[in-house]
Amino acid sequence: MRRKIVAGNWKMNKDLKQGLELIDEIVNMNSAEDVLKIIATPFIHISLAADKLKDKTDFAVAAQNCHQSNAGAYTGEVSAEMIRSTGAAYVIIGHSERRSYFNESTSVLTQKVNIALGNDLTPIFCVGESLDDRNSNQHLEVVRQQLKEALYHLSPADFSKLIIAYEPVWAIGTGVTATSHQAQGMHNFIRSEINKKYGKDISENTSILYGGSCNAENARELFSCLDVDGGLVGGASLKAADFVAIANSF
Ligand code: PEP
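Residues numbered from 1 in each chain as written. Predicted model: local features only at pLDDT ≥ 70, side-chain atom pairs only at ≥ 80, totals over all residues. Heavy atoms only, no water.

**Focus on the site of the ligand**
For step 1, the next point in the chain: As a structural note, the neighbourhood of the ligand is formed by 14 residues, with Lys11, His95, Glu167, Gly173 and Ser213 the closest of them.
For step 2, the next point in the chain: In this structure, an oxygen atom belonging to the ligand sits 2.9 Å away from a main-chain N or O atom of Gly235.
For step 3, the next point in the chain: In isolation the ligand offers 290 Å² of accessible surface; the protein chains occlude 95% of this area.
For step 4, the next point in the chain: Across the shell around the ligand, the residue classes break down as four nonpolar, eight polar and two charged. (Near = heavy atom within 4 Å. Polar contact = N/O pair within 3.5 Å; in protein donor to acceptor, adjacent residues only side chain to side chain. Areas by Shrake-Rupley, 256 points an atom, 1.4 Å probe, with all protein chains shown as cover. Nonpolar A, V, L, I, M, F, W, Y, C, P; charged D, E, K, R; others polar.)

Listed below in structure tokens is the structure:
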């Protein structure tokens, strides 16, 4: 179901004590209850974070990754089933840092989406073009292929469970944000591509988040765009006041 969402991606930040304190701080501030706040912690925090937030209907916990297999001899990895067993309900898949630093290919991402859905985890699936793609006017085609190759094998019922995050790679962690015009243009394009493949009902009901240097100053303008349903936020999610201000920016 399409809804207003702000998801904080902590990446590899905060030790256990700091992370749990940050959650307490966020929860103790006034945030709009009609906005779903998803907190994507490192694996270490997930179980305790999910436990802390289990009675809050406007909060949820996400993992930042999962392995593409159910179980087995994969030293250091964490499965979707394990994540689900903590009470977390979401998982980020296809983040550009995973695609580039960990060489996650489209076929691996497809398996991760399948295994997440099979374990009742909602994927927050990231797409986005590089600066070269945008400068060479390939951005729409790149995002079209990312959607098609990793997701279009899904049944309509499964596709409708996804959250999509548009994260231009050139905006992640750079302090350079897409303009609201650029964000709306791409979000509208993504929605129209989903419409072509899965129809109007599913495309209108898909939540599409913007990510890339989203902060307390620019969130209001970005979230006012017709096809922007919220944000996936990295750096600014590490301070309670900023994260809550972003969640209150609709
Ligand atoms: C991200 O990594 O998903 C992200 C959007 O990071 P930042 O907000 O720091 O650009």
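**A closer look at the side chain of Asn65**
For step 1, the next point in the chain: For Asn65, the location among the structural elements is in the loop between strand 3 (59–63) and helix 3 (80–86).
For step 2, the next point in the chain: Assessed through its relative accessible area of 8%, Asn65 is described here as buried.
For step 3, the next point in the chain: Side chain to side chain, Asn65 and Lys112 meet in a polar contact 2.7 Å long. (Helix = DSSP H or I, 4+ residues; strand = E, 2+ residues; numbered from the N terminus. Buried < 20%, exposed > 50% of the residue type's maximum accessible area, 1.4 Å probe, protein only.)

**Considering the packing of helix 5 (residues 106–118) against helix 7 (residues 139–151)**
For step 1, the next point in the chain: Packing of helix 5 against helix 7 leaves a shortest axis separation of 8 Å and a crossing angle of 55 degrees. Here helix 5 is positioned oblique relative to helix 7, judged by the angle of their axes. From helix 5, Thr106, Thr110 and Val113 reach across to helix 7, where they touch Glu149, Ala150 and Leu151.
For step 2, the next point in the chain: Considering only residue class, the contact of helix 5 with helix 7 consists of three nonpolar, two polar and one charged. (Axes fitted to C-alpha atoms, helices over the stretch in contact; angles between N-to-C directions. Parallel < 35°, antiparallel > 145°, perpendicular 65-115°, else oblique. Contact = heavy atoms within 4.5 Å.)

**Looking at helix 1 (residues 16–28)**
For step 1, the next point in the chain: Between its first and last C-alpha, helix 1 extends 18 Å over 13 residues, near the 18 Å set by a 1.5 Å rise per residue.
For step 2, the next point in the chain: Tucked inside the fold, the buried residues of helix 1 contact strand 2 (36–40), helix 2 (43–53), strand 3 and helix 12 (240–247).
For step 3, the next point in the chain: A side-chain oxygen of the first residue of helix 1 lies 3.2 Å from the backbone nitrogen of Lys17; this N-cap is Asp15. (Expected span 1.5 Å × (residues − 1).)

**Quick notes on the packing of aromatic side chains**
For step 1, the next point in the chain: Under the counting rule described, the total for this entry stands at five aromatic pairs.
For step 2, the next point in the chain: Measuring from ring centre to ring centre gives 4.5 Å for Phe223 and Phe250, while their planes differ by 25 degrees; the resulting arrangement is stacked. Of this pair, Phe223 sits in helix 11 (residues 219–223) while Phe250 sits in the segment after helix 12; the two residues are 27 residues apart in sequence, bridging distant segments of the chain.
For step 3, the next point in the chain: Overall, the relative accessible area of 7% leaves Phe223 in the buried class.
For step 4, the next point in the chain: Each member of the aromatic cluster is reached from another via a ring pair, and the members are Tyr152, Phe159 and Tyr198.
For step 5, the next point in the chain: Against the face of Phe102 rests Arg98, its NZ or CZ located 4.0 Å from the ring centre.
For step 6, the next point in the chain: It is Lys197 that lies over the ring of Tyr198; its NZ or CZ is 5.7 Å from the centre. (Phe/Tyr/Trp six-rings, centres within 6.5 Å; stacked < 30°, edge-to-face > 60°. Lys NZ or Arg CZ within 6 Å of the ring centre and 35° of its normal.)

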